[in-house]
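# Structural description and commentary
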Amino acid sequence: EPNTPPKECLNRGNCTLPIWCPAHVYFKESEKEHCMINGVRKGICCNTGRNFMPRTNSGSARHSPESLLDSKTISAISRQSAHSLAELRSNEHQLHKLAVLPESSPDFGLFTNSRTYDVAELAKVQNLADQARRLALASNAFKRRRSLTDDQFERESFDIDSTPLSEDCLPEPDCVEIVGVYRTSDGSCNNQLHPTWGQALTANLKLLPPAYEDHIFEARKFSVTGQLLPSARTISSRLMKNKDVFNSNFTLLLAQFGQFIGHDVSQSVDHSFRNSSGISCCMDSGDHWPERLRHFACLPIDVSPSDGFYGRHFGRRCMHFMRSVFAPDHECRLGYASQLDKVTHFIDASTVYGSSVEQQGDLRAFENGQLKVFRDFGRNLLPLDEDSNACISRKGGSACFKSGTEAIDLYDLRLQEGPIYAIDYDPIMEPSVSSEFTAGAFRFGHSLIETTITLLKGGRVDQVLAFVPETMNYPSQMRRIDVFDMILIALITQPVQQVDENFNENLQKYVFRFGNCFGTDLISINIQRGRDHGIQPYNRYRELLGLPKFTSFSDFGPKYAKTLATIYPSVDDVDLYVGGLLEQKAPGALVGRVFQHIIADQFARLKRGDRYFFENHPRINPSYFEPAQLAEIRKTSMARIVCDNADGLSLGMVQPEVFKVPSTWNQPIDCKSNIIPSIDLSKWRSIPTYTDYDDYDNILMQ
Ligand code: HEM
Ligand SMILES: [Ca+2]
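Residues numbered from 1 in each chain as written. Chains lettered and ligands numbered in written order. Predicted model: local features only at pLDDT ≥ 70, side-chain atom pairs only at ≥ 80, totals over all residues. Heavy atoms only, no water.

## With respect to the overall build of the protein
Assigned secondary structure in the protein consists of 20 helices and 19 strands. Counting over 702 residues, the protein shows a buried share of 56%. Total accessible area on the protein is roughly 31000 Å²; 52% of this is exposed by carbon and sulfur atoms. (Helix = DSSP H or I, 4+ residues; strand = E, 2+ residues; numbered from the N terminus. Buried < 20%, exposed > 50% of the residue type's maximum accessible area, 1.4 Å probe, protein only. Areas by Shrake-Rupley, 256 points an atom, 1.4 Å probe, with all protein chains shown as cover.)

As structure tokens, then:
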């Protein structure tokens, strides 16, 4: 840089990372004021916009709709949106005779993956979905009546607190009732000013105002040139390949743990009929439903007649895709729709324990604080689920067993020296999961997976299993006594694949295939999910991060330029998921800059926005750990967790860094060795309590 920006913001706002200041993408270059964060990172001076984290909010316009419309009109809008929803529901009722997903179809598998099982939870989800849709319909009516521009609607916010529309706002949890020593099971009351932040069954946030076609909730459909966008399947089939390209540094455990964390923080829910059965978005014949018979939440993917797999072999023209349900806005405003996250956004092992008091009750033994277990050949497995259908679900991580089968506890994996307590809790940092993360960047993991997992026994190949469909949703494999160790060994030794345009063929053709000739295409689903969640095209995120925008397809590199140009009308149309997979890798990273920032932003939110983060100081975190306990926690490692959870049948040695393949510097050692330290639980035996934190700090200093 010819001239380094000043350390502080001289004229306006606070110095923040560009990703936390979406409003800057609206500034002209000459209006942008740069600054330095901690003297090392270039930041931007920020004080305006929505969904962003700077300290001041003075630049953003907040209106009450009453200042723009009289209360009679507001009431009319409220009635009208209730009426429109009722109409949608009555059409849905008609469809129920026609368009129920057959349970044997691959699309049913996809649906069970993103549905909700528990009757009480389903009712809650459907209620919230209705509220949110009414608000979306009201937003639409409001925008039209007031002739608001798209731009105004994106950047300004319209409080509806004191209007009849507020009936559909998210209810505030009553935090006073809760004795706040530990996390609540649904994540509520973590943030004391915004008790719904991070709570289960609340909205994903958006890093940029969404790219909805109508700026409110309809999925993006047209190119910036005005032409139709290419179908998600066209992009998948023309651009994505099935070559094996390994990354010989990292092990499959990295992918597995990534998926585990991903599902701890986010699970979207597909629309279903009121009685929980699946809605079919394509006719059994493989054609699209005529418009009038298509459910309002269906967003089926076009399949071209020349499609080499679904089209030519199976005569399909339509790929099932159901939209995620919406959630009401956290702050009771009119505006664009956001999607509902069923689980607690925080990293809190909700994959294991569930995201509500009811789910926890179901899993706990209520004896010595332990979980219920299923004793199988002398091993403790998770309890079996009475619902055999759950076998093809993602309920709590995996299936047939209640909750997750992943027998790993969540510990922080850094063995680092540093201040005893973290000091960066930030009560204005919204911890919610972003759509960009969960419906885009964090699905980079799908590219890591190779076709098979090889199980070894005594150094010989015992079984070669295809990830899809032979391991996915077949947890009964786990009951073969020696399989668990063999899987663990494979996870810590087999390398992942590179994050790129290459995918395991099964993920592109046979996901949820079961007994059928074909399954669904996860890559098409990911691209369509991005459009469903209103994720902006890739280039907008370059802008958001302060990176130069791509001006032509050749900026993606010669390898992709030609193919991209035959698919997309403009470089400004490239979907985030696609651009993120193709972008040049950042130094030392598995992914490129844009995915890297979106992922880093998310983990920063999840840590800094979580009052109960385990390292937080007792002043902040009421369930803090004693320094001696923290020291124990920090001793542990993923290697120790693998060792301690193995059955000890064939797994007796692991390399200290299990996310990396064994090497000269990372040689397998005996699980009994204290080179892989264990946690000393005796430090939890006596729990001193401090009433005065200054005392506490004095003890720390000694
Ligand atoms: C064989 C391995 C895997 C299979 C078959 C698989 C399959 C799926 C499916 C079917 C969905 C739902 C798609 C939709 O309806 O939008 C999904 C979502 C997702 N997957 Fe994977 N996945 C695998 C591995 C991974 C890995 C390794 C990661 C990350 C490192 C990952 C991250 C995610 C995320 C973040 C979501 C979105 C969750 C949500 O918010 O609902 N997956 N996956
Ligand atoms: Ca969680």
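## Overview of the nonpolar core
With 103 residues, the main nonpolar core has F444, Y541, F556, L564, V578 and V654 as its most contacted residues. Considering every element that reaches this core, the biggest residue donor is helix 11 (residues 483–493), with eight residues. Not counting residues within four places of it along the chain, the set of residues in contact with F556 comprises Y538, F550, L564, V571, V574, G579 and L582. L85, L135, A136 and F217 belong to the second largest nonpolar core, which has 25 residues in total. (Core = buried A, V, L, I, M, F, W, Y, C linked by side-chain atoms within 4.5 Å. Contact = heavy atoms within 4.5 Å.)

## Description of the state of the cysteines
Counting across every chain of the model gives eight disulfides. A sulfur-sulfur separation of 2.0 Å characterises the disulfide bridge that pairs C281 with C298. Looking down the S-S bond of the C281 and C298 bridge, the torsion is -85°, so its handedness is left-handed. A residue pair is termed long-range when its members are at least 10 positions apart, and C281 in the loop between helix 6 (252–265) and strand 8 (301–302) and C298 in the loop between helix 6 and strand 8 qualify at 17 residues. For the pair formed by C281 and C298, the shared burial category is buried. Across the disulfide, C282 is cross-linked to C318 (sulfur-sulfur distance 2.0 Å). Since a negative S-S torsion denotes a left-handed disulfide, the C282-C318 link at about -80° is left-handed. Here C282 is found in the loop between helix 6 and strand 8, whereas its partner C318 is found in strand 9 (residues 318–319), with 36 residues between them in sequence. Judged by its relative accessible area of 4%, C282 falls in the buried class. Relative accessible area serves as the criterion here: at 3%, C318 is assigned to the buried category. (Disulfide = S-S within 2.5 Å.)

## Section: the coordination of the calcium ion (ligand 2)
For the calcium ion (ligand 2), every protein donor is listed as D264 (O), D264 (OD), T344 (O), T344 (OG1), F346 (O), D348 (OD) and S350 (OG), and the spread of their distances is 2.3 to 2.5 Å. All donor residues of the calcium ion (ligand 2) come from one chain, and their arrangement in sequence is D-x79-T-x1-F-x1-D-x1-S. One end of the pair, D264, is in helix 6; the other, S350, is in helix 7 (residues 350–353), with 86 residues separating them in the sequence. (Donors = N, O, S within 2.8 Å, 3.2 Å for Na, K, Ca; no water.)

## Here's the deal with the coordination of the iron atom of ligand 1
Within the protein, a single donor atom binds the iron atom of ligand 1, namely H446 (NE2) at 2.1 Å. Tracing the chain through its elements places H446 in the loop between helix 9 (435–438) and strand 15 (452–457).

## Quick look at the site of ligand 1
Among the 23 residues in the neighbourhood of ligand 1, the closest are listed as S266, T438, R443, H446 and R529. Here an oxygen atom of ligand 1 sits 2.6 Å away from a polar atom, N or O, in the side chain of S266. The contact in question runs from an oxygen atom of ligand 1 to an N or O atom on the backbone of S268, over 2.9 Å. Counting only elements with at least two residues in the shell around ligand 1, the list comes to helix 2 (106–113), helix 6 and helix 13 (522–532). (Near = heavy atom within 4 Å. Polar contact = N/O pair within 3.5 Å; in protein donor to acceptor, adjacent residues only side chain to side chain.)

## Section: the pairing of strand 16 (residues 460–466)
Bridge analysis of strand 15 against strand 16 gives six bridges, and the strand direction is antiparallel. Looking at strand 16, one finds that K457 is bridged to R460. Connecting strand 15 to the antiparallel partner strand 16 that follows it, the hairpin turn spans two residues, and G458 within it adopts a positive phi of roughly 55°. (Pairing = 2+ DSSP bridges.)

## Some thoughts on the environment of R146
Mapped onto the elements of the fold, R146 is located in the loop between helix 3 (119–145) and helix 4 (150–155). For the pair R146 and G262, spaced 116 residues apart in sequence, the C-alpha separation works out to 40 Å. Beyond its immediate sequence surroundings of up to four residues, R146 is in contact with L68 and L69.

## Here we look at unusual backbone geometry
Note: most peptide bonds trans; most residues except glycine with negative phi. The phi torsion at N38 lies on the positive side, around 50°, for a residue other than glycine. Take N38: it is sitting in the loop between strand 2 (34–37) and strand 3 (41–46).

## Observations concerning helix 1 (residues 71–95)
Between the first and last C-alpha of helix 1 there are 36 Å, a value that for 25 residues agrees with the 36 Å anticipated at 1.5 Å per step. Among the residues making up helix 1, those that are buried are T73, I74, I77, S78, S81, L85, R89, E92 and L95. At its buried positions, helix 1 is contacted by helix 3. (Expected span 1.5 Å × (residues − 1).)

## Remarks on the layout of surface pockets
In this structure, the second largest pocket occupies an estimated 970 Å³ of space. Lining of the second largest pocket is provided by 33 residues; of these, K221, R294, C298, L299 and P300 occupy positions nearest its centre. Breaking the lining of the second largest pocket down by element, the ones donating at least two residues are helix 1, helix 3, strand 8 and helix 13. Of all the elements, helix 1 adds the most residues to the lining of the second largest pocket, at five residues. Its residues placed into classes, the lining of the second largest pocket shows 15 nonpolar, six polar and twelve charged. (1 Å grid on protein atoms, 1.4 Å probe; cavity = no way out; pocket = protein on both sides within 12 Å on 5 of 7 lines; lining within 4 Å. Points joined across faces, edges and corners; volume = space filled by probe spheres on them. Nonpolar A, V, L, I, M, F, W, Y, C, P; charged D, E, K, R; others polar.)

## Some thoughts on the packing of helix 14 (residues 538–545) against helix 17 (residues 593–608)
Where helix 14 meets helix 17, the axes come as close as 10 Å, and the angle between the chain directions of the two elements is 65°. Relative to helix 17, the element helix 14 lies roughly perpendicular. The element helix 14 and its partner helix 17 pack so that their crossing is left-handed. Seen from helix 14, the contacting residues are Y538, Y541, R542 and L545; seen from helix 17, they are R593, V594, H597 and I598. Per-class residue counts for the contact of helix 14 with helix 17 are five nonpolar, one polar and two charged. (Axes fitted to C-alpha atoms, helices over the stretch in contact; angles between N-to-C directions. Parallel < 35°, antiparallel > 145°, perpendicular 65-115°, else oblique. Left-handed = near helix turned anticlockwise from the far one by under 90°.)

## Some remarks on the packing of helix 5 (residues 232–239) against helix 15 (residues 558–567)
The angle between the axes and the distance between the axes are what describe a pair of packed helices. In contact at an axis separation of 10 Å, helix 5 and helix 15 are set at 155° when each is read in the N-to-C sense. The orientation of helix 5 with respect to helix 15, classified from their angle, is roughly antiparallel. For the pair helix 5 and helix 15, the crossing hand works out as right-handed. Residues I235, R238 and L239 of helix 5 lie in contact with helix 15, whose contacting residues are T563, L564, T566 and I567. Classifying every residue of the contact of helix 5 with helix 15 gives four nonpolar, two polar and one charged.

## Examining the sheet that holds strand 10 (residues 326–327)
One open sheet holds the three strands; their spatial order is 6-12-10, and the pairing between them is antiparallel. Strands at the two margins of the open sheet, each flanked by one partner only, are strand 6 (202–203) and strand 10. Pairing analysis gives two bridges linking strand 6 to strand 12 (residues 338–341), with the strands arranged antiparallel. For A203, the partnering residue across the bridge sits in strand 12 and is L340.

## Digging into the pattern of salt bridges
Tallying each qualifying case throughout the model produces 32 salt bridges. For the salt bridge of E29 with K32, the shortest nitrogen-to-oxygen distance reads 3.5 Å. Residue E29 is classed as exposed on the basis of its relative accessible area, which comes to 58%. The partner of R233 in a salt bridge is D307, and the shortest N-O contact between them spans 2.6 Å. Of this pair, R233 sits in helix 5 while D307 sits in the loop between strand 8 and strand 9, and the two are 74 residues apart along the sequence. (Salt bridge = Lys/Arg side-chain N within 4 Å of Asp/Glu carboxyl O.)

Treat this as a map of the structure, not an account of what it does.
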